[in-house]
Structures are given as C-alpha cells and as structure tokens.
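# Commentary on secondary and tertiary structure
Here is what each chain is made of, one letter per residue.
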Amino acid sequence: MALTKEMKAEIVKKYGKNEKDTGSVQVQVALLTAQIKALTAHLKANHKDAHSKRSLMILVGQRRSLLDYLIRTDREAYLKLIVDLGLRK
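Going along each chain's sequence as written, the residues are numbered from 1 onward. Totals for whole chains, interfaces and linings use all residues, but because this is a predicted model, local features are given only for residues with pLDDT of at least 70 and pairs of side-chain atoms are given and counted only at 80 or more. Hydrogens are left out, water is left out, and the side-chain values use all remaining heavy atoms of the structure.

### A word on the overall build of the chain
Here is the rule: Comment: elements are numbered from the N terminus, with helices defined as DSSP H or I runs of at least four residues and strands as E runs of at least two. Relative accessible area decides the class of each residue, using a 1.4 Å probe on protein chains only: under 20% of the type maximum gives buried, over 50% gives exposed, and in between gives partly exposed. Residues are treated as being in contact if the distance between any of their heavy atoms lies within 4.5 Å. Accessible surface area values rest on a Shrake-Rupley calculation with a 1.4 Å probe, where residue burial reflects the displayed protein chains alone. Two residue types count as positive, namely Lys and Arg, and two as negative, namely Asp and Glu; His and chain ends fall outside the count. Note on charges: their place is set at NZ of Lys, CZ of Arg, CG of Asp or CD of Glu.
Scanning the chain from terminus to terminus reveals 4 helices and 0 strands. When the helices and strands of the chain are placed in sequence order, the string is α-α-α-α. Seen through its principal axes, the chain has C-alpha atoms that stretch 40 × 30 × 20 Å. Relative to its 89 residues, the chain shows a buried fraction of 36%. Within the chain, contacts between residues at least 6 apart in sequence are counted, and of these 43% link residues at least 24 apart. As displayed, the chain offers around 6,400 Å² of accessible surface, 56% of which is attributable to carbon and sulfur atoms. Across the chain, the 18 positively charged side chains and the 9 negatively charged ones have centroids separated by 7 Å.

Right under this line is the structure:
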C-alpha cells in the first residue's frame, strides 16, 4: 500500500506548521514512518523481496538521522514526536 496524496497531505497538516510545510523535520519523520509501516506490511506478505528489504533499511536509516538531528536541536519536539508516532516503548 503506497501513500496517497491525501494521506501525505493529512500527515503534513498534522505535523507541519501549515499545509505547505513539507520540509520540517517532524513532517519528514512522520512521512518516513508511514512509508516504513507500509513497507513492513508488504514484507510480511512478500518476505523474499530483497529490493524492498533494502529500501526499508534505507528509510529506517534516513529516519534515524533525522531523529538524531531533532534531538540535538529541539529535544521537546523530539519527545512529542516519538510519543505521537509511537516509535519508542
């Protein structure tokens, strides 16, 4: 299941400062998280899909880098974001 325009717009609206704020770290992390969830569901059904596994690892690495940047620059926003997205236990 790929992300539709409507799903992306909803994520941008929820995590961005306005409807056109697609570049902020919080929006990028939320979009990557949605893509990671979709790829994870795909890989549960297609466990031999090596290309998708590699894509998933790349996305996880990008999200990790963005989260590292966010925790360095704005710890409160980081804590709020991981709670909203359910990334940590």
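### So, the packing of helix 1 (residues 5–15) against helix 2 (residues 25–45)
Selection criterion: Axis lines are fitted through C-alpha atoms, for helices just across the contact stretch, and the angle between N-to-C directions can take any value from 0 to 180 degrees. Throughout, a crossing is termed right-handed when the near helix is turned clockwise from the far one, and left-handed when it is turned anticlockwise from it by less than a right angle. Residues are grouped as follows: nonpolar covers Ala, Val, Leu, Ile, Met, Phe, Trp, Tyr, Cys and Pro; charged covers Asp, Glu, Lys and Arg; every other residue, Gly included, is treated as polar.
Running from N to C, helix 1 and helix 2 cross one another at 145 degrees; their axes reach a closest spacing of 9 Å. Both helix 1 and helix 2 take part in a crossing whose hand is right-handed. Two secondary-structure elements touch here, helix 1 through K8, I11, V12 and Y15 and helix 2 through Q26, V27, A30, L31 and A34. In terms of residue class, the contact of helix 1 with helix 2 is made up of 7 nonpolar, 1 polar and 1 charged.

### A look at helix 1
How we decide: The directions considered for the arc are those from the helix axis to the C-beta atoms.
When we look at burial in helix 1, the residues that qualify are I11, V12 and Y15. In an axial view of helix 1, the angular spread of the buried residues amounts to 100 degrees, which keeps them on one side of the axis. Those residues of helix 1 that are exposed and aimed more than 90 degrees away from the buried face are K5, E6, E10, K13 and K14. Against the buried residues of helix 1 lie helix 2 and helix 4 (75–85).

### Focus on the pattern of salt bridges
Just so we agree on the cut-off: Salt bridge criterion: a side-chain nitrogen from Lys or Arg within 4 Å of a carboxyl oxygen from Asp or Glu.
Summed over all chains, the structure comprises 2 salt bridges. The residue D68 makes a salt bridge to R64 at a minimum N-O spacing of 2.9 Å. Of the two residues, D68 and R64 both sit in helix 3 (residues 50–73), 4 residues apart, roughly one turn of that helix. Exposure remark for D68: the relative accessible area of 32% places this residue in the partly exposed category.

### Looking at the side chain of S52
Operational definition: Any N or O atom pair separated by 3.5 Å or less is treated as a polar contact, with the protein-specific requirement of one donor-capable and one acceptor-capable atom, and with residues adjacent in sequence counted only for side-chain atom pairs.
Along the chain, the position of S52 falls in helix 3. Taking relative accessible area as the criterion, S52 reaches 9% and is therefore assigned buried. Polar side-chain contacts of S52 include one of 2.7 Å to the side chain of D49. Ignoring any residue separated from it by four or fewer positions in sequence, one finds S52 in contact with L39, H42 and L43.

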